[in-house]
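Listed here are the chains, written in short residue letters.
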Amino acid sequence: MSLALKLARKGQYGVQSNPMVGCVIVKNGEIIADGYHQTFGEAHAEIDALTKINHQANDATLYVTLEPCAHQGKTPPCVQAIIDAGVESVVIATLDPNPLVSGKGIAMLKDAGIVVKIGLLEDEAKQLNRTFIKRMKTNLPFVTCKIAMSLDGKTAMASGESKWITGESARADVQKLRAQHQAIMTGSGTILDDNPSMTVRLDTLNSQPLRVVVDGKNQITDMSLNIFSTDAETQVFNTENTKVNSVGKLDLNDILSQLAIQGVNSILLETGPHLIGAMVGAGLVDEFIIYMAPILMGNGANSMINLPIQTMGDKLALTIKDIRMVGEDIKITAILK
């Protein structure tokens with residue numbers, strides 16, 4: 001199962017709205033085939049593995065990181081292929097949260113007389129597909145907020161100047177981070193101030209993330225802006241296509257709901273302190289990834305987040321999940337407690 005999880009992660013740049021899944025087939029104590037879901041719309045992990053042995057798996061045990069699908073989607077159901085191949089037992093790390101699948105795949109396997117075991121390395125499997133699981137259970141994408149800041153918590157000078165806070169290694173790491181998300185979200189202020197391309201500069205990427213702009217004042221009209229290049233698709237949310245809340249602001253929950261309906265599991269939020277504060281205040285940020293540079297920018301610079309916190313009793317506590325060096329900078333991964 002550990003190998004299956006490792007294989008599953010290889011699909012992170014290609015599966016898009018699907019989960020990452022790996023599969024290993026064992027017979028007489030030896031691995032006879034393995035596979036993983038490589039690209040959205042193509043063979044699932046189980047089929048990828050079974051094809052390598054011509055779908056002949058009599059008396060074998062199949063290890064898979066997610067419950068095999070039992071419905072017809074972009075590809076035929078994997079469960080029937082497993083049954084037809086003669087598999088004796090199936091070990092599953094975790095159930096599929098998709099209502100079209102959850103429990104149905106297991107029921108079909110058991111009805112066919114196949115021994116089914118569930119829960120091996122379940123925590124690792126859920127962590128691997130936490131973005132897919134979030135969308136299936138809440139109809140909202142998983143949002144990671146990426147921030148590059150100085151040691152004194154500043155993200156830009158008062159003038160808006162911010163290039164470059166972090167070093168080359170951290171900026172290269174951000175490209176990999178972007179590639180792991182289906183969408184990159186920012187605000188209209190960032191677009192007008194910096195005119196970013198919001199693309200991933202990696203040769204190994206199959207497709208570019210969707211560029212998402214929150215434009216509450218309907219300011220993004222210039223089609224010559226870099227976000228409207230043909231490098232990637234762009235979706236602008238404004239008052240014409242998004243609900244407005246009681247204080248006249250765009251309903252951020254509605255934006256995320258629309259993106260979830262489009263199959264977006266994961267969003268990387270790269271924006272200024274106002275939109276970050278609004279997203280955090282609405283409870284829509286699942287994870288923070290902060291690149292902290294060993295520099296000081298002073299009290300005239302902009303802070304990383306705007307939140308109306310007045311007392312220590314109102315502070316927001318974080319749990320730090322990981323800290324590591326990236327070049328000369330510190331990369332912190334944290335979640336709200």
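The rules behind each value
- Residues numbered from 1 in each chain as written.
- Predicted model: local features only at pLDDT ≥ 70, side-chain atom pairs only at ≥ 80, totals over all residues.
- Heavy atoms only, no water.
- Buried < 20%, exposed > 50% of the residue type's maximum accessible area, 1.4 Å probe, protein only.
- Helix = DSSP H or I, 4+ residues; strand = E, 2+ residues; numbered from the N terminus.
- Domains from an automatic or database assignment.
- Buried area = accessible area lost by both parts, 1.4 Å probe.
- Salt bridge = Lys/Arg side-chain N within 4 Å of Asp/Glu carboxyl O.
- Polar contact = N/O pair within 3.5 Å; in protein donor to acceptor, adjacent residues only side chain to side chain.
- Contact = heavy atoms within 4.5 Å.
- Phe/Tyr/Trp six-rings, centres within 6.5 Å; stacked < 30°, edge-to-face > 60°.
- Lys NZ or Arg CZ within 6 Å of the ring centre and 35° of its normal.

Undergrad: Hey, could you run me through helix α10 (residues 273–281) in this one?
TA: Side chains that are three or four residues apart share a direction in an α-helix, a result of its 3.6 residues per turn. Among all positions of α10, only Pro273, Leu275, Ile276, Gly277, Met279 and Val280 are buried. Once α10 ends, the next one or two residues include Gly283, with phi positive near 70 degrees.

Undergrad: What is the right way to read the domain arrangement of the protein chain from this model?
TA: For interface size, the figure often reported is the accessible area lost on association. Partitioning the protein chain into structural domains gives domain 1 (1–129) and domain 2 (139–336). The straight-line distance from the C-alpha centre of domain 1 to that of domain 2 is 34 Å. Across the interface of domain 1 and domain 2, roughly 630 Å² is buried in total on both sides, 42% from carbon and sulfur atoms. For the domain 1 face of the interface with domain 2, the top three residues by lost area are Tyr13, Gln16 and Ser17, together amounting to 78%. On the surface where domain 1 and domain 2 come into contact, there are zero salt bridges. At the boundary of domain 1 with domain 2, the tally comes to two residue pairs in polar contact (both at pLDDT 80 or more).

Undergrad: Would you mind showing me how to read the side chain of Ser17 here?
TA: Tracing the chain through its elements places Ser17 in the loop between α1 (2–9) and β1 (22–27). The residues contacting Ser17, other than those within four sequence positions of it, are Phe40, Phe132, Arg135, Gln182, Gly263 and Asn265.

Undergrad: Whenever I open this one, the packing of aromatic side chains confuses me. Can you help?
TA: Two measures describe an aromatic ring pair: the distance that separates the ring centres and the angle between the ring planes. Under the counting rule described, the total for this entry stands at zero aromatic pairs. When the ring centre of Phe142 is taken as origin, the NZ or CZ atom of Arg130, which lies over that ring, is 5.0 Å away. Positioned above the aromatic ring of Trp164, the side-chain terminus of Arg171 is 4.4 Å from the ring centre.

Undergrad: What exactly am I supposed to notice about unusual backbone geometry here?
TA: Phi is mostly negative for residues that are not glycine, and the peptide bonds are mostly trans. Non-glycine residue His55 carries a positive phi angle of around 60 degrees. Counting through the fold element by element, His55 comes out in the loop between α2 (45–51) and β3 (61–64). Non-glycine residue Met198 carries a positive phi angle of around 55 degrees. With respect to the helices and strands, Met198 occurs in the loop between α8 (188–194) and β9 (210–214). Take Met198: its relative accessible area is 5%, and that puts it in the buried class.

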